[in-house]
Protein chains: 4
Amino acid sequence: MRGNDNTAVILIHCPDRPGILAVVTEFINQHKGNILYLDQYVNREEGVFFMRVKWQLDEFQIPQKKIGEYFNTLIGLRFQMTFRLYFSDTKPRMAIFVSKMPHCLYDLLARYSSGEWYVEIPIIISNHPDMEVVAKRFGIEYYYFPITKENKAEQEAKQLELLKKYKITFCVLARYMQVLSSDFIRHYPDRIINIHHSFLPAFAGAKPYHAAHQRGVKIIGATSHYVTSDLDAGPIIDQDVTRISHKDTVEELIKKGRDLEKIVLSHAVEKHIERKILTYKNRTVVFQ
Amino acid sequence: MRGNDNTAVILIHCPDRPGILAVVTEFINQHKGNILYLDQYVNREEGVFFMRVKWQLDEFQIPQKKIGEYFNTLIGLRFQMTFRLYFSDTKPRMAIFVSKMPHCLYDLLARYSSGEWYVEIPIIISNHPDMEVVAKRFGIEYYYFPITKENKAEQEAKQLELLKKYKITFCVLARYMQVLSSDFIRHYPDRIINIHHSFLPAFAGAKPYHAAHQRGVKIIGATSHYVTSDLDAGPIIDQDVTRISHKDTVEELIKKGRDLEKIVLSHAVEKHIERKILTYKNRTVVFQ
Amino acid sequence: MRGNDNTAVILIHCPDRPGILAVVTEFINQHKGNILYLDQYVNREEGVFFMRVKWQLDEFQIPQKKIGEYFNTLIGLRFQMTFRLYFSDTKPRMAIFVSKMPHCLYDLLARYSSGEWYVEIPIIISNHPDMEVVAKRFGIEYYYFPITKENKAEQEAKQLELLKKYKITFCVLARYMQVLSSDFIRHYPDRIINIHHSFLPAFAGAKPYHAAHQRGVKIIGATSHYVTSDLDAGPIIDQDVTRISHKDTVEELIKKGRDLEKIVLSHAVEKHIERKILTYKNRTVVFQ
Amino acid sequence: MRGNDNTAVILIHCPDRPGILAVVTEFINQHKGNILYLDQYVNREEGVFFMRVKWQLDEFQIPQKKIGEYFNTLIGLRFQMTFRLYFSDTKPRMAIFVSKMPHCLYDLLARYSSGEWYVEIPIIISNHPDMEVVAKRFGIEYYYFPITKENKAEQEAKQLELLKKYKITFCVLARYMQVLSSDFIRHYPDRIINIHHSFLPAFAGAKPYHAAHQRGVKIIGATSHYVTSDLDAGPIIDQDVTRISHKDTVEELIKKGRDLEKIVLSHAVEKHIERKILTYKNRTVVFQ
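In this text, all values refer to a predicted model and were calculated from it rather than measured experimentally. (Residues numbered from 1 in each chain as written. Chains lettered and ligands numbered in written order. Predicted model: local features only at pLDDT ≥ 70, side-chain atom pairs only at ≥ 80, totals over all residues. Heavy atoms only, no water.)

**Student:** Hey, could you run me through the relation of the copies chain C and chain D in this one?
**Tutor:** The transform that puts chain C on chain D rotates by 180 degrees and translates by 0.0 Å along the axis, for an RMSD of 0.0 Å. The two molecules are tied by a two-fold rotation axis, judged by turn and shift. Minimal C-alpha distance to the rotation axis in chain C is attained by alanine 202 of chain C, lying at 2.3 Å. The share of interface residues of chain C whose copies in chain D are also at the interface is 100%, consistent with both copies meeting through the same surface. (Least-squares fit on C-alpha atoms with pLDDT ≥ 70 in both. Contact = heavy atoms within 4.5 Å.)

See below:
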């Protein structure tokens, strides 16, 4: 989905039973949709069927506006499906939240400005003024919201207004060192992606590299996840690790960790943009 | 140290100050010891110097029995060193503890019987009779100690007696599913190696693969560590990880984990046999 | 397919066109087969459809002996399919070829004797007598065929006879240091699995660790592949790597490589036993 | 060496013999240099000693200008040492060469402008105009040299002049798709770092991702190395790999490869800036 290639993507989960796959693929084929990708998976223990299908709309006989309705009526209801339908003519709109560290921000903006992703990034929001210089380099609006205990609710309200104004569809916390309120999160369920600088669930919370060094682990990691009201406990999207040794100081862990963080965050953002992630019971299904 | 190659190894730590390295290497060179390996590391934050030196004894002018004394008198006391001295003519003697799972046991015994390690394994101890068949294949004595809450202290006493009888210098818990008492552990400080089937400190305790699956992590791991009286919290020796996906069931995590466990445990055992591990403040320094 | 669980597996490839997936899944569902796993993949560039389906036969209405014929008549011919059908009541029969190194052999036998795999290993064949002691430990027949330039054709003929006698369905070269003749290979197309001790295509041929050391690479690897008449050039099944440094001697590369080799070979054997590998144009499709 | 911290670094190699380590550390200690890092390694097979030492100059009694001379006279000549001496008050000056792909360029510039490295990057040189927009974002001079067979020698002469004018000490080829002439390379021995988009020595030369896809490998890689007159055959500095599957198209390999390339190149640049690399017989010793 690198551009408007006139395609649709549907993400489905429902109770497993025979024939779902056949019925869905027939629905598309029969109406002259050309399936480009199909990935399905059945969770046998819980009896749940998951599927992602992407198909070409060029000759599809059902008008785009009606596809959701038809699908629901003809198939969704019958199989008790939860589904989400996306079209390539709707470009996702992303807001970046950042504090003072530039490495994740640069990685996101480099990919964005190189045209790697089919996404629009109209705004960067920060609780510090430091990263405005980076935003300017890439010509993106920078909004600075200093946050204190006292003004937090008020500032979040303004941020939400801004997101609304810019029609933001999802948020990316690129080492944003402020805990979002449950109220804020509620506006973007499964639509706020955070990078945590540890191999979760190890070292949740503050100063994970210090904690890792203290514990003497031999591998450190980074974790991208959707934000929920439980701190660092939302559905994990991606993780990666790197080997360290007793010789590495906390500063070296922080340095090595930066490379993990930016790659793991960008991978999660990419999967989200490509509509490849489905959440279920606080876990993710990440399609290929 | 693949055999009795007539070498000595010294592991040292002490407060850092200028000249330690020069003094120690001079001590060896001047008395006609030929240094084969030297690895040193300074922890700048805590001001601690760590070193491992291995040298050839063939023409060393100080008699083997006197080396420790001379080193301590001439250097150790002056630099407030804590040191351990090992000689290649003393072969380490290892006991394996196992319960019902054979994968780590086989990996240890395959390396042992292939002559990969300079070690003697005279006994295998178990709380179940199942693995006796494996022990027999490799011609190793198998001692079965069924353990209940009531008889635990008594059985551990018998195990300790056995270890003494066989002059065991260190123990390896190859998926031994019994928590050793603090009393037992006290007899083998930094000399009991355990494999925990998770990426510690994540998922300490029972059923880590179930917990990992439940949490929806994208990477699982295994950790080898020295056993202390804090469960799964001793100094970490080695860790490794492997990537999983939402498609992996708990059974598949267990299967993938087996390969991690056996390799990570065997690596730790190898480092221990080669006298390459030094513990300090519940962390390990693993020399190369 | 850990045992005879009364299932069938079909591996299919054919020119891609709409509806294949639906037709195959319907064929199974409609005749009361319960699909347990389905993995499909379309190679868009070459227009080829690949699929693996595993289903329960308990209530399947077509008799097992007739499934191949019915499937071919009703679906295979129509879609120009190449397919292979396997039933869980036919246990694969594996022969191990080994020379002098025990690490891969032990890893295979440990898994086998622990019941990890649904396979029978009746014989071990070698060009050296050294590994007989290992074969005996596991109670497996060991056949020793010393090979010279002069007797090679003759010895291979005897080996083939032996494989026939024991109804061997596939062979595993566990560091077998003899090149098999094209004639021999022809009897077991895509049924001889080799482990090569390098990250192919780098360092094909003899002494890859020496070559890797000479070249100064920072990562070494191992590769399992099906044997074809082109040396070290057959379809790759699995690869893995490990990091090394300038400090590692050739001996240390060999030691580190052993762990890669045994795991990479065993993974390939497992995928083969589970009927998860399909070869196409000298490449493999490895289903999940 | 994140800034001018008033330190010296010496990189040494020489024939191994007893006492080198002691003599060098004494030389520094005795003249009131405070050793910050020391890493040494002995290649036993070839009998070569390698060392990197970094020390504080604050109270060092030999004037900076004289250190090289004194060291050579007192120690270097005696031990037949080849050594290089660096001081933190000399900031390395780097030129980036780039063609049309921005990912490595962005990664280098992001680290540079975030102050991660103690380096000056005054110029970017390209054979295409495309990346000027990126250079401008970071306020760096961009020089465009279109290159044809006919003008290559002439253009390289101009590039060399430019490097001289800007006092460039090393060059980084950030996916620069032009082979440099042997003549050009001769001006910067062990001072031109290239990123090759394969796991060398596999797939040297053009279109490595296409070749990797064609061969059906299961892992792809990237390699940073010093440029020599043998194409893609210079001393390897760093490598990294990522797992792929049969599902990955060439385009997906290219995408996954980008993340490897930028990280592997930046790691090599960092090691070079920190004076941690020594080359010997077309291999590198990379100190910690």
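Let us keep going from here.
**Student:** Would you mind going over the interface of chain C and chain D with me for this structure?
**Tutor:** A common way to report how large an interface is uses the accessible area buried once the components associate. Each side of the interface is counted separately: chain C has 36 residues, and chain D has 36 residues. When residues of chain C are sorted by the area they lose upon contact with chain D, Arg215, Lys218 and His246 of chain C head the list and together hold 23% of the total. The tally of links from chain C across to chain D stands at six salt bridges. The salt bridge partner of lysine 247 of chain D is aspartate 39 of chain C, with a shortest N-O separation of 3.6 Å. At the junction of chain C with chain D, the criterion picks out 18 residue pairs in polar contact (both at pLDDT 80 or more). Within the residue set of the side of chain C that touches chain D, elements represented by two or more residues are strand 2 (34–43), helix 7 (208–215), strand 11 (236–243), helix 8 (250–273) and strand 13 (283–286) of chain C. (Buried area = accessible area lost by both parts, 1.4 Å probe. Salt bridge = Lys/Arg side-chain N within 4 Å of Asp/Glu carboxyl O. Polar contact = N/O pair within 3.5 Å; in protein donor to acceptor, adjacent residues only side chain to side chain. Helix = DSSP H or I, 4+ residues; strand = E, 2+ residues; numbered from the N terminus.)

**Student:** Help me out: how do you make sense of the relation of the copies chain A and chain B in this one?
**Tutor:** There are two copies of the chain, and a rotation about an axis plus a shift along that axis relates them. The transformation that overlays chain A on chain B combines an axial shift of 0.0 Å with a rotation of 180 degrees, and the residual RMSD is 0.0 Å. The fraction of interface residues of chain A whose copies in chain B are also interface residues reaches 100%, indicating that both copies meet through the same surface.

**Student:** Looking at this model, I keep getting lost on helix 7 (residues 208–215) of chain B. Mind explaining?
**Tutor:** Three or four residues apart is the spacing at which side chains of an α-helix point the same way, because the helix has 3.6 residues per turn. Listed as buried for helix 7 of chain B are Pro208, Tyr209, Ala212, His213 and Arg215 of chain B. Around the axis of helix 7 of chain B, the buried residues are gathered within 165 degrees of arc, so they sit on the same side. Looking at the buried side of helix 7 of chain B, the elements it contacts are strand 11 (236–243) and strand 13 (283–286) of chain A together with strand 9 (192–196), strand 10 (219–226) and helix 8 (250–273) of chain B. In the segment just after helix 7 of chain B, glycine 216 of chain B is the residue with positive phi, at about 75 degrees. (Buried < 20%, exposed > 50% of the residue type's maximum accessible area, 1.4 Å probe, protein only. Arc of directions from axis to C-beta.)

**Student:** Where do I start with the sheet that holds strand 9 (residues 192–196) of chain C in this structure?
**Tutor:** Hydrogen bonds along the backbone pair up the strands of a sheet, which may run parallel or antiparallel. All names here are of chain C. On the basis of which strands lie adjacent, the open sheet formed by seven strands has the order 7-6-5-8-9-10-11 and mixed pairing. Each edge of the open sheet carries a strand with a single partner, namely strand 7 (141–144) and strand 11. Looking at each pair of strands side by side, their axes are set apart by 20 degrees on average, direction ignored. As judged from the five bridges shared by strand 5 (residues 93–98) and strand 6 (residues 120–126), these two strands associate in the parallel manner. In the sheet register, alanine 95 faces strand 6, and the bridge partner there is isoleucine 123. (Pairing = 2+ DSSP bridges. Axes fitted to C-alpha atoms, helices over the stretch in contact; angles between N-to-C directions.)

**Student:** Looking at this structure, how should I read the domain arrangement of chain A?
**Tutor:** Residues and elements named next belong to chain A. Domain boundaries in chain A define domain 1 (7–87) and domain 2 (93–286). If you average the C-alpha positions of domain 1 and of domain 2, the two centres end up 31 Å apart. Interface area for domain 1 against domain 2, summed over the two sides, is near 1000 Å², with a carbon-plus-sulfur share of 58%. Counting across the domain 1 and domain 2 interface gives two salt bridges. Close ionic contact of arginine 283 with glutamate 46 constitutes a salt bridge, the shortest N to O distance being 2.8 Å. Elements that contribute at least two residues to the side of domain 1 that touches domain 2 include exactly strand 1 (7–15), strand 2 (34–43), strand 3 (48–56) and strand 4 (82–87). Per-element accounting of the side of domain 1 that touches domain 2 gives the leading share, four residues, to strand 1. A per-class count over the side of domain 1 that touches domain 2 returns seven nonpolar, two polar and three charged. (Domains from an automatic or database assignment. Nonpolar A, V, L, I, M, F, W, Y, C, P; charged D, E, K, R; others polar.)

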